[in-house]
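A closer look at the structure
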Amino acid sequence: MNVMLEYMEETEAPFGEEFLTGVAARTLEECHFPFLRDKDIRLSAVAVSSEKIRELNREYCDKDAATDILSFGEYADRAELAEEIGQEVFLGEIFFCPAFIAEAAAEDEVTFRRELTYIFSHGVLHLAGYDHEEEMFAIQERVTDACAQ
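Residues numbered from 1 in each chain as written. Predicted model: local features only at pLDDT ≥ 70, side-chain atom pairs only at ≥ 80, totals over all residues. Heavy atoms only, no water.

Some thoughts on the environment of Glu-134
Mapped onto the secondary structure, Glu-134 falls in helix α6 (residues 134–147). Spatially, the C-alpha atoms of Glu-134 and Asp-77 are 16 Å apart, while their sequence positions differ by 57 residues. (Helix = DSSP H or I, 4+ residues; strand = E, 2+ residues; numbered from the N terminus.)

What follows is the structure, given as structure tokens:
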């Protein structure tokens, strides 16, 4: 599997494209999807301000509050993703808020790197068809332990 991340910073973020690509790749590897093994996987990620993530959250999720990450996937679930026959697979878009993630890291008494890894992995898992299930959180923990050192 070859993972390619299209990355933009609308606001400054301490870790960039190389780090986030590594987190995304490790997350997808931990999914153990045989149907993605020989594919080129693309996704996009945008670092945004608290105001922008709040606006997106309000517009697309009906929640008038800032949040850490929003994922907009191309596939409804893992079964639909498994049916993809093309060599290149676009999973979707992730918007994340470094300021919100920094606040959460301080509250949780962990490093920004650890919190970002956990949250970004969460976003990638949503793009891959997971929805707040036990396996999803187990993958996030493994990826965080591996990538946030």
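Side note on the pattern of salt bridges
For side chains of opposite charge, pairing can occur when their charged atoms come near one another. For the coordinates displayed, the defined rule picks out eight salt bridges. Here Asp-64 ties to Arg-58 by a salt bridge, and the two come within 2.7 Å at their closest N and O atoms. What makes Asp-64 partly exposed here is its relative accessible area of 46%. Exposure remark for Arg-58: the relative accessible area of 40% places this residue in the partly exposed category. Of the charged contacts, one joins Glu-133 and Arg-78 as a salt bridge, the two residues approaching to 3.0 Å between their closest N and O atoms. Of this pair, Glu-133 sits in the loop between α5 (112–127) and α6 while Arg-78 sits in helix α3 (residues 78–82), and the two are 55 residues apart along the sequence. You can call Arg-78 partly exposed: its relative accessible area is 26%. Put simply, Glu-6, Arg-42 and Glu-88 are held in one network by salt bridges that share partners. (Salt bridge = Lys/Arg side-chain N within 4 Å of Asp/Glu carboxyl O. Buried < 20%, exposed > 50% of the residue type's maximum accessible area, 1.4 Å probe, protein only.)

Observations regarding the layout of surface pockets
The computed volume of the largest pocket comes to approximately 210 Å³. Lining the largest pocket are Asp-68, Ile-69, Leu-70, Ser-71, Gly-73, Tyr-75, His-122, His-126, Leu-127, Asp-131 and His-132. Broken down by secondary-structure element, the contributors of at least two residues to the lining of the largest pocket are β3 (69–73) and α5. Looking at which element gives the most residues to the lining of the largest pocket, the answer is β3, with four residues. (1 Å grid on protein atoms, 1.4 Å probe; cavity = no way out; pocket = protein on both sides within 12 Å on 5 of 7 lines; lining within 4 Å. Points joined across faces, edges and corners; volume = space filled by probe spheres on them.)

Here's the deal with the sheet that holds strand β1 (residues 2–9)
As summarised here, the arrangement of the four strands in space is β1-β2-β4-β3, forming an open sheet in which the pairing is mixed. The open sheet is flanked by β1 and β3, the only strands paired with a single partner. Each strand axis lies, on average, 20° off the axis of its neighbour in the sheet, ignoring direction. Here strand β2 (residues 40–47) runs beside strand β4 (residues 88–96); their pairing, made up of seven bridges, is parallel. Note that in β4 the partner of Val-46 across the bridge is Phe-95. (Pairing = 2+ DSSP bridges. Axes fitted to C-alpha atoms, helices over the stretch in contact; angles between N-to-C directions.)

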